[in-house]
Structures are given as structure tokens and as C-alpha cells.
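# Structure at a glance
Single-letter residue listing:
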Amino acid sequence: MAGRHAEMAIPPFLMKRLNRLTRSPEPRLLKTGCTTGSRLVAVAPREISGHFDDFKLPSDYEKLDAPSGHTGALADIPLEVILMVQIRDVTLVDDVNNELSMDLSIQRTWTEHRVVVADTLEEGEWHVVAMADARKFWTPDMYVVGLTQLKKQRGISELTRFLLRKDKTVSQIMQVEMIVKCKFDFRLYPMDIQECKMDFMAPMDPIDQLYMVWSNSTIVPSVQFYNENGKDRLTVTKFDFDITICNKNFTTRMQWGDVSSLRFWLTFHRKVMPYVLETYVPTTMFVVMSWGSFLVKPDVVPGRMVLLVTNLLSLITLFEATR
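Residues numbered from 1 in each chain as written. Predicted model: local features only at pLDDT ≥ 70, side-chain atom pairs only at ≥ 80, totals over all residues. Heavy atoms only, no water.

### Some thoughts on the sheet that holds strand E14 (residues 234–235)
Strand order in this open sheet of 5 strands is E7-E11-E16-E15-E14, and the pairing throughout is antiparallel. This sheet does not close on itself; its edge strands, each paired only once, are strand E7 (143–144) and E14. Bridge count for E7 against strand E11 (residues 193–201) is 2 bridges, and the pairing is antiparallel. Residue valine 144 lies in a different strand from E11, and its bridge partner there is phenylalanine 200. (Pairing = 2+ DSSP bridges. Helix = DSSP H or I, 4+ residues; strand = E, 2+ residues; numbered from the N terminus.)

### Details of the nonpolar core
Counting residues in hydrophobic clusters, the biggest one holds 50 residues, and the most contacted among them are Leu100, Met102, Val180, Met198, Phe200 and Phe241. Looking at this core element by element, the count peaks at 7 residues for strand E3 (residues 79–94). Other than its neighbours up to four places away in sequence, phenylalanine 241 contacts Val90, Val93, Leu100, Phe225, Arg233, Leu234, Val236, Leu266, Thr267 and Phe268. (Core = buried A, V, L, I, M, F, W, Y, C linked by side-chain atoms within 4.5 Å. Buried < 20%, exposed > 50% of the residue type's maximum accessible area, 1.4 Å probe, protein only. Contact = heavy atoms within 4.5 Å.)

### Comments concerning the pairing of strand E16 (residues 257–270)
Side-chain direction in a regular strand flips from residue to residue, so the side chains alternate between the two faces of the sheet. Burial analysis of E16 places 11 of its 14 residues in the buried class, the great majority of the element. The pairing of E11 with E16 spans 9 bridges and is antiparallel. In the sheet register, methionine 198 faces E16, and the bridge partner there is phenylalanine 264. Direction of pairing for strand E15 (residues 239–254) relative to E16: antiparallel, over a ladder of 13 bridges. Directly across from cysteine 246, in E16, lies its bridge partner arginine 263. The antiparallel pairing of E15 with E16 creates a hairpin that spans 2 residues between the two strands.

This is the structure in C-alpha cells:
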């Protein structure tokens with residue numbers, strides 16, 4: 001286990017923002033159905049370890065059992081998990097396989113009443129838990145409808161942080177690469193507008209044990225793009241992306257019961273100009289060049305055939321590249 005490091009205080013304005021991010025709303029009933037409707041937390045650089053000086057897990061702690069949402073008479077209330085998503089980049093839009101590849105930062109926050117926290121920890125501050133100790137904690141499952149691949153990113157080590165506060169609030173921040181299936185409609189190509197629905201859920205935890213909510217922060221959106229210029233739109237080579245958040249949580253029926261779900265839509269508009277320059281302008285030029293065959297004398301068959309066959313093969317090549 002890692003030892004202690006020197007303490008550094010979080011600036012007051014960051015501490016104020018952090019408290020707003022992690023303030024939990026009152027438990028509420030979930031509603032069925034849903035219609036269309038930056039930065040993650042600042043972290044104190046002190047790493048703590050799971051010994052008696054910082055925190056400890058009880059001897060009967062079971063990693064596979066979800067903690068209850070409250071203690072005492074309110075122990076039957078489901079655990080609330082607060083979700084925040086930051087889309088750092090859209091790396092690939094695969095029109096052939098109807099797939100979308102993204103780099104995400106996912107933050108999930110909940111309360112772990114079973115952990116025993118030392119009085120020496122600073123009130124209201126986040127502390128980084130050593131990864132060897134973080135693996136001993138229960139963490140909620142995560143699934144996205146249409147998910148084909150979810151992989152944690154790695155540098156020299158895994159890009160994951162596990163945080164703990166004195167009030168037993170736990171937060172996990174992960175950098176992941178995600179590939180999801182989307183239903184694309186190309187009838188208006190290249191002036192089409194595609195919409196990819198993202199449903200986040202904890203599929204192994206039924207609604208009576210866990211429910212998910214978006215962060216209720218009024219400063220940082222629950223789902224946002226990572227933009228240094230502060231804009232709420234992401235622009236890549238051929239697409240402009242926008243986010244629409246479904247502010248209501250809803251239930252998804254699984255074979256073993258209903259589970260809590262959250263949804264947002266990633267809408268992207270195709271930029272028309274690249275396709276005009278790469279497809280329509282060359283096609284128009286090839287058609288105009290084919291008109292030159294009318295200037296060739298009728299008895300000069302080889303010359304006319306060479307011109308038309310060359311144009312035909314060029315159009316076929318362009319068509320295959322467009323597909």
C-alpha cells in the first residue's frame with residue numbers, strides 16, 4: 001500500500017464547484033419512458049491508503065454486494081449513483097458498419113456507508129485512493145445499449161482514479177474507448193442528420209437496489225464535450241456533433257427485472273462541402289469530358305471508345321470510393 005504524500009489544499013473556487021457537483025438530490029420515483037428533452041472534479045493530490053490511519057473496510061465487507069442507499073430505518077432506499085460523461089473526442093464514424101467510436105471520461109459517484117474513515121481526513125476534500133485498495137471496493141456495473149467495445153485507456157498505468165471523502169462519498173473517474181452501434185439513415189446523404197442514442201445502465205443491479213441520476217450541477221453539464229474554447233459543439237473533419245440530454249431517468253426491462261437507465265442523444269450533421277468537392281465536382285467534370293466524344297468524327301471509333309471507357313472506369317472508381 002502506498003504511503004502518505006504531502007498535503008495540498010484545493011483552491012476555494014474549485015472546492016465550491018466540487019461540492020456542487022457531488023451534492024445528491026433527494027431520492028425520487030423513476031418515470032417510465034423518455035422523450036427528447038468542462039471539467040470533471042478537481043482532485044486533491046494526496047493519495048491515501050487503506051490502513052487504520054486513513055480508512056478501512058470491515059472484515060465482513062463483500063465486494064460483490066452493492067451498498068444500501070442509506071443506513072438505519074432508511075436502509076431499504078435504493079443506492080443513488082450520480083453519472084457524468086465527458087466526450088473528449090469522436091475518433092471514427094463508420095458509415096459501413098453503423099458504428100461510432102469515442103474517447104470518454106466517465107465519472108460515477110455514490111455513497112459507501114460500509115467504509116470506516118479516519119477522523120484525520122480533511123472534511124469536504126477528495127482524496128485519491130491507491131489503486132491496490134480501490135480494487136477492493138464495490139463498483140457498479142456499466143453498460144451502454146448497442147455497445148460493441150468498451151476498453152479502459154492506459155498510459156504507463158491505467159487511466160482511472162478512485163476518490164474518497166470523509167463523508168463516505170466515493171467517486172470513480174475512468175478514461176475509456178467506446179464503440180457503439182447506431183442506426184444511420186442515409187436517405188438524405190450527404191445532407192443527412194444522424195442521431196445516436198446512448199442508454200447508460202447498471203444491468204446487474206435491479207431498480208430496487210440501485211438507481212442512476214444525472215449530476216444536478218448548475219455549473220457543469222451532466223454530459224459535455226471536452227472543448228478548450230468552451231463551446232457546446234464538437235467539430236471534426238466532416239461532422240458537427242451536438243448533445244441532447246434526457247433529464248428524466250427511466251427503467252429498462254431485463255429478464256431478471258427492471259434496471260435504472262439514463263439517456264442522451266449524440267446528433268451529428270454532415271458537412272456538405274467536403275462531399276461536394278470530393279464527389280459531385282469530379283463527377284460533373286467526368287460528365288462534361290464525356291461530351292467531348294461528340295466532337296470526335298463518327299468514323300474515328302477507337303478514339304471515341306477510349307474517351308468513353310476511360311470516363312466510365314473513372315466514375316466506377318469514384319463510386320466505389322464514395323461507398
